[in-house]
Amino acid sequence: MTSQYNTPYIFRNTATTPAILHRFYAAAADSDQANSLMGKHLEYFSQAGFDMDRVQIKRNAPVALLYEEAIRNEGAIISSSGALINFSGKKTGRSPKDKRIVYEDTSKDNIWWGSVNIKMDEHTFEINRERAIDYLNTRENVYVFDGYAGWDPKYRIKVRVICARAYHALFMNNMLIRPTPEQLADFGEPDFIIYNAGQFPANRFTKGMSSTTSVEINFKRMEMVILGTEYAGEMKKGVFSVMHYLQPIKFGQLSLHSSANVGKEKNDVTLFFGLSGTGKTTLSADPARLLIGDDEHVWSDTGVFNIEGGCYAKCINLSAEKEPEIFNAIRYGSILENVVYNPLTRVPDYDDVAITENTRCAYPIEFIPNARIPCMVERQPSNIIMLTCDAFGVLPPVSKLTPAQASYHFLAGYTSKTPGTEDGVLEPIPTFSTCYSAPFIVLHPGRYADMLAERMAKHNVDCWLINTGWTRGKFGMGKRCPLKYTRRIVDAVHSGELAKATFEAFGTFNLSIPTALEGVPRELLNPELAWQDKEMFRKEIRKLAGMFQKAFALYQDDVDEAVKLAGPQL
């Protein structure tokens, strides 16, 4: 390639096309080969319905260009630390009630249909897909990012994101695994495509639509269409839903909503399960350990690997003192989403919730100094930590689970939705999210639970239930468990200290809790000791136990008797 290719990441079907070659075609042997690769992409986008005489396709554009165009066209600004601050508009969280799965022959018998996976017919999908492409054809610039989901080459898929906002392209540049120039030149046809026309609404009078927002996946076409929401997290979770389907069905591997890290010396792997807001990102970003990933993993026959190429951390009340790894990752190349800032100094205010409590930062995983690259380890886990955020303030900060209890709590998936995680959540709401991933689950929960139990038994994995929620009282009375105590508990899990502790029974839930742990107050380890009003404590724990029993009724006919009896007893 020569200097005449001055805008090489752009291509367009015009007379100047030979002079506007894709930058990664520099990996080609010569200009003729680069032109051939370019022609294939022009043909691909033309056949997909794009008006190549009008639209500029910018594929895997440099971060600097995405910054420039987000600032010029989208109102973004550069923060004092160099991160890009941008805004997602009206929607500042996911819209699970607007998520749809297409009902079609290849996948219909595997999908767990219901309130999580709502049916959409194929014709409606085609209408929405065309609506998305029609909208993208009205834009001068269309951004394309090609990347991978899954660090293990045996189980990865190729993902193509097509969108109209530079902010969305940069977001997926951070969240997917970034190909090398050689890999990108040889990328070929994607396995999964996202059409993000989120600025344009769905037609709410179209069959099956409940609002102007629609997030839908078609497993036959392996495509996703987004209308009516500009919240970038919908793309991330769309990729996860696809991996949640493909890994068990196609590859026979277990996909998990979890973070993971590995010890620097012992090389021991820990999986952290939990919904957004429970502490997966915070607790897995441990300076004493190597981070495999903060949110989405696969437990394979040979070890554990991250699905993503980046992290999507909550920024509410973020500080350098409490979470230095995350705080220092917010620099050039990162995106701060919906964060309020000082207009004079451009310093972000992480305590300001004027826009949303669900403020976020997306950054490449390499921005964490102790990240393990590549993000995979050929070693089976030693510990599983199930994180919950208990708004009732009655669950202990740590409990050691039996295998049956591990299956029970995995299927129950109890936590509290925290403010801002989803659209309209303003205070903690108790919820039961099976497999700690109900909003993204695709198959029946029993399939994931059976695979988890088999792997835990085969590899003799210890399991811990850790509550990062309220203590000394319920929400509105007590306070969230101090992070320093939760970190101390997690450190004791990793060191093996906690496994050697003396345990006592915690009534109603029949949990085993440590009687003492250096550095953690005795009354914190047993919540009943911390509550001043003992009768109110007993009332709240009975209330929560009843909620568990009601929620678990959905699964009790499909589990062993030991698992049924592993839950709370009234």
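The name given to the chain in an unreviewed UniProt entry is Phosphoenolpyruvate carboxykinase (ATP), with the source organism recorded as Fistulina hepatica ATCC 64428. As its UniProt record puts it under Sequence similarities (unreviewed entry), the chain is described as follows: "Belongs to the phosphoenolpyruvate carboxykinase (ATP) family." Listed in UniProt under the heading Catalytic activity (unreviewed entry), the comment for the chain reads: "oxaloacetate + ATP = phosphoenolpyruvate + ADP + CO2".

Peer 1: Give a description of the side chain of Glu325 that names residues and reports values.
Peer 2: Assignment of secondary structure puts Glu325 in helix H8 (residues 324–329). One buried charged residue, Glu325, forms no salt bridge at all, with the nearest opposite charge on Arg487 at 5.2 Å.

Peer 1: Talk me through the nonpolar core; I want residue IDs and the actual numbers.
Peer 2: A general tendency of soluble globular proteins is for nonpolar side chains to be buried together. Membership of the largest hydrophobic core comes to 130 residues, with the highest contact counts inside it found for Trp299, Ile384, Met386 and Phe410. Aside from chain neighbours lying at most four places away, what touches Met386 is Phe273, Leu401, Ala406, His409, Phe410, Tyr436, Leu452, Cys463, Trp464, Leu465 and Ile466. In this structure, Met120, Ala132, Val144 and Tyr195 belong to the second largest nonpolar core, which totals 26 residues.

Peer 1: Which residues make up the sheet that holds strand E18 (residues 335–337), and what values do they have?
Peer 2: Judged by pairing direction, the sheet is mixed, and its 5 strands sit side by side in the order E3-E4-E18-E19-E17 without closing on themselves. Every interior strand has two partners, whereas the edge strands, strand E3 (77–78) and strand E17 (310–314), have only one. As judged from the 5 bridges shared by E17 and strand E19 (residues 360–364), these two strands associate in the antiparallel manner. Residue pairing across strands places Gly310 opposite Pro364, the latter belonging to E19. Across the sheet, helix H2 (residues 63–74) is in contact with E3 and strand E4 (84–86); its angle to E4 comes to roughly 35°.

Peer 1: How would you sum up unusual backbone geometry? Please name residues and give values.
Peer 2: The peptide bond linking Ile373 to Pro374 adopts the cis configuration, its omega dihedral lying at 0°. In the Ramachandran plot, Met222 falls in the positive-phi region, its phi being about 55° despite a non-glycine side chain. Position of Met222 relative to the elements: it lies in the loop between strand E10 (214–218) and strand E11 (223–227). A positive phi angle, close to 65°, is found at Thr508, a residue other than glycine.

Conventions we followed
Residues numbered from 1 in each chain as written. Predicted model: local features only at pLDDT ≥ 70, side-chain atom pairs only at ≥ 80, totals over all residues. Heavy atoms only, no water. UniProt positions renumbered as here; feature names shortened; annotations may be inferred. Helix = DSSP H or I, 4+ residues; strand = E, 2+ residues; numbered from the N terminus. Buried < 20%, exposed > 50% of the residue type's maximum accessible area, 1.4 Å probe, protein only. Lys, Arg positive; Asp, Glu negative; His and termini not counted. Salt bridge = Lys/Arg side-chain N within 4 Å of Asp/Glu carboxyl O. Core = buried A, V, L, I, M, F, W, Y, C linked by side-chain atoms within 4.5 Å. Contact = heavy atoms within 4.5 Å. Pairing = 2+ DSSP bridges. Axes fitted to C-alpha atoms, helices over the stretch in contact; angles between N-to-C directions.

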